[in-house]
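Topology and contacts: notes
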Amino acid sequence: MKKTVILAALALAPLAAQAQEVTLRMVSAFPENQFYVKRTLEWVEKFNREGKGVAQINFIGGPKAIPTFEVGKAVQSGVVDVGFSTGAFYTNVMPEADILKLAETSAAEQRKNGGYELINRIWAEKANMRYLAKVVEFTPFHLYLNKKIDKPDLTGLKIRITPVYREFFQAMNAQVMTMPPGEVYTALERGVVDGYGWPIHALFDLNWQEKTKYRVDPGFYNAEVGLVMNLDKYKGLPANARALLERETLAYERQNDFWKGYNQNEAKRQADAGIQVITFDAATSKAYVAKANEVGWANAIKASPQYGEALQKVLAK
Ligand code: 173
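Just so you know, these numbers come straight off a predicted model, no measurement behind them.

Digging into the overall build of the protein
Regarding its fold elements, the protein presents 12 helices and 11 strands. Expected size for 317 residues packed as a compact globule is a radius of gyration near 20 Å; at 22 Å, the protein falls within 12% of this value. Referenced to the eigenvectors of the C-alpha coordinate spread, the extents of the protein come out at roughly 90 × 40 × 30 Å. A fraction of 78% describes how many contacts in the protein between residues 6 or more apart in sequence connect residues 24 or more apart.

Have a look at this one:
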């Protein structure tokens, strides 16, 4: 009898070890063919090689699986475990999500100045999320146009936005339309919009260069894209899976200097593709960026009386 039990236990041992491997279901709020997603899927491949027997990430898909502006809710509720998104896409979960675009301190600095803990306190309390890592930064946003302007005045222009740009573009009198990245190409093609907000980089995979005449310089804010996880799932991870996840997401975040060189090259690539740069005189440029920041922080503090100022302490320089 005893022998049978031991034999049965031995027979089951490999199965039990296998059953401990955690699978994390991940979706992307950015389209699957976009550069961020391609780069993240390379990271996922490495994660899965190193995570054999411990944890595996199962990439479900992009906005066709879960629409761009629903990814935050899906992570919050646990419909999926991990979301690859920018905060602007889940302001329907909490307004604080979009405040990360105002960061002047780096993710590395935020890991030291209390910012990372604060972000995680807010993300846990208000969104049931763990903010694992920021994997896009050092990247300004720009206004792209198909009609020429000679001053920062968007009167009469229809501009595609996300929450990132809303108050700033409205302050310049734009007529704004919120739209996920996946709909921008068609909107440009049909003339539904005269321009859009987007980072300095990563518009080529979406072919927007074909439908874009001008980029307005300078840029403003600092694009944030991160990996967020359902908090219950995170808390329930076995210790080895959590250690792996923390090690690999941090390693990914530590590659953010990549964007500095990438962005220089992307600006050149845009010029080569015929995108012309619109600039203003020095004083106007300075006022343009100052206005973006002023409007951004005013709105952040209004949207989050609870955490706006605390976030400003760790994000602003
Ligand atoms: O323009 C957008 O879709 C947007 O808000 C964003 C944010 C971060 C990175 C790229 C795009």
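Side note on the sheet that holds strand β4 (residues 129–136)
Reading across the sheet, the 5 strands line up as β2-β1-β3-β10-β4 and stay open at both edges, with mixed pairing between neighbours. Only two strands of the sheet have a single neighbouring strand rather than two, namely β2 (55–61) and β4. Geometrically, the sheet is characterised by an average inter-axis angle of 25 degrees between neighbouring strands, direction not taken into account. Sheet topology note: the strand β3 (residues 82–85)/strand β10 (residues 225–230) ladder contains 4 bridges and is antiparallel. Along β10, the bridge assignment pairs Phe 84 with Leu 227. Together, β1 (22–28), β2, β4 and β10 form the strand contacts of helix α9 (residues 239–253), whose direction differs from that of β4 by roughly 30 degrees.

So, the site of the ligand
Neighbouring residues of the ligand: 16 residues in total, closest Arg 160, Thr 162, Tyr 165, Trp 198 and Pro 199. At 3.5 Å, a backbone N or O of Gly 197 approaches an oxygen atom of the ligand. Bound to the protein, the ligand loses 100% of the 300 Å² it would expose on its own. With respect to the pocket detection grid, the ligand is positioned in the largest cavity. For the shell around the ligand, the element with the highest residue contribution is strand β8 (residues 195–199), accounting for 3 residues. Split into classes, the residues belonging to the shell around the ligand amount to 11 nonpolar, 3 polar and 2 charged.

Structural notes on empty space enclosed by the protein
Tallied over the full model, the rule gives 3 cavities of 30 Å³ or more. Within this model, the largest cavity holds a volume of roughly 110 Å³. If you trace the largest cavity, you find 15 residues lining it, with Phe 30, Thr 86, Phe 141, Tyr 165 and Pro 199 closest to the centre. A per-class count over the lining of the largest cavity returns 11 nonpolar, 2 polar and 2 charged. Within this model, the second largest cavity holds a volume of roughly 60 Å³.

Focus on the sheet that holds strand β7 (residues 175–178)
The mixed open sheet is built from 6 strands, whose spatial order is β7-β6-β8-β5-β9-β11. Two strands in the sheet have a free side with no partner beyond their single neighbour: β7 and β11 (276–278). Pairs of neighbouring strands in the sheet enclose a mean axial angle of 30 degrees, with direction left out of account. Summarising the sheet, strand β5 (residues 141–145) and strand β9 (residues 214–220) pair through 4 bridges and their orientation is antiparallel. Residue Leu 145 lies in a different strand from β9, and its bridge partner there is Tyr 214.

A few points about the side chain of Lys 101
By the element assignment, Lys 101 lies in the loop between β3 and α4 (107–112). Here the side chain of Lys 101 touches Pro 163 through a polar contact of 3.5 Å, landing on its backbone oxygen. The contact partners of Lys 101, leaving out residues within four places of it in the chain, are Phe 141, Pro 163, Val 164, Tyr 221 and Asn 222.

What about the side chain of Asn 263?
With respect to the helices and strands, the residue Asn 263 is situated in helix α10 (residues 258–272). Aside from chain neighbours lying at most four places away, what touches Asn 263 is Phe 138, Thr 139, Pro 140, Ile 200 and His 201.

Details of unusual backbone geometry
Note the cis peptide between Asp 217 and Pro 218, where omega equals 0 degrees. Its place among the elements puts Pro 218 in strand β9.

Details of the packing of aromatic side chains
Under the defined criterion, the tally for this structure stands at 29 aromatic pairs. Seen from their ring centres, Phe 69 and Phe 89 are 5.6 Å apart, and the 85 degrees between their planes marks the pair as edge-to-face. Note that Phe 69 is positioned in the loop between β2 and α3 (71–77) and Phe 89 in the loop between β3 and α4, a separation of 20 residues in sequence. Consider the rings of Phe 220 and Tyr 221, whose centres lie 5.1 Å apart with planes at 80 degrees: the pair is edge-to-face. Residue Tyr 221 is classed as buried on the basis of its relative accessible area, which comes to 13%. The side chain of Arg 111 reaches across the aromatic face of Tyr 116, ending 3.9 Å from its centre. The aromatic ring of Phe 138 is capped on one face by Lys 260, whose charged end is 4.3 Å from the ring centroid.

The rules behind the values
- Residues numbered from 1 in each chain as written.
- Predicted model: local features only at pLDDT ≥ 70, side-chain atom pairs only at ≥ 80, totals over all residues.
- Heavy atoms only, no water.
- Helix = DSSP H or I, 4+ residues; strand = E, 2+ residues; numbered from the N terminus.
- Rg over C-alpha atoms; globule rule 2.2 N^0.38 Å.
- Contact = heavy atoms within 4.5 Å.
- Pairing = 2+ DSSP bridges.
- Axes fitted to C-alpha atoms, helices over the stretch in contact; angles between N-to-C directions.
- Near = heavy atom within 4 Å.
- Polar contact = N/O pair within 3.5 Å; in protein donor to acceptor, adjacent residues only side chain to side chain.
- Areas by Shrake-Rupley, 256 points an atom, 1.4 Å probe, with all protein chains shown as cover.
- 1 Å grid on protein atoms, 1.4 Å probe; cavity = no way out; pocket = protein on both sides within 12 Å on 5 of 7 lines; lining within 4 Å.
- Sits in = over half its atoms within 2 Å of the grid points.
- Nonpolar A, V, L, I, M, F, W, Y, C, P; charged D, E, K, R; others polar.
- Points joined across faces, edges and corners; volume = space filled by probe spheres on them.
- Phe/Tyr/Trp six-rings, centres within 6.5 Å; stacked < 30°, edge-to-face > 60°.
- Buried < 20%, exposed > 50% of the residue type's maximum accessible area, 1.4 Å probe, protein only.
- Lys NZ or Arg CZ within 6 Å of the ring centre and 35° of its normal.

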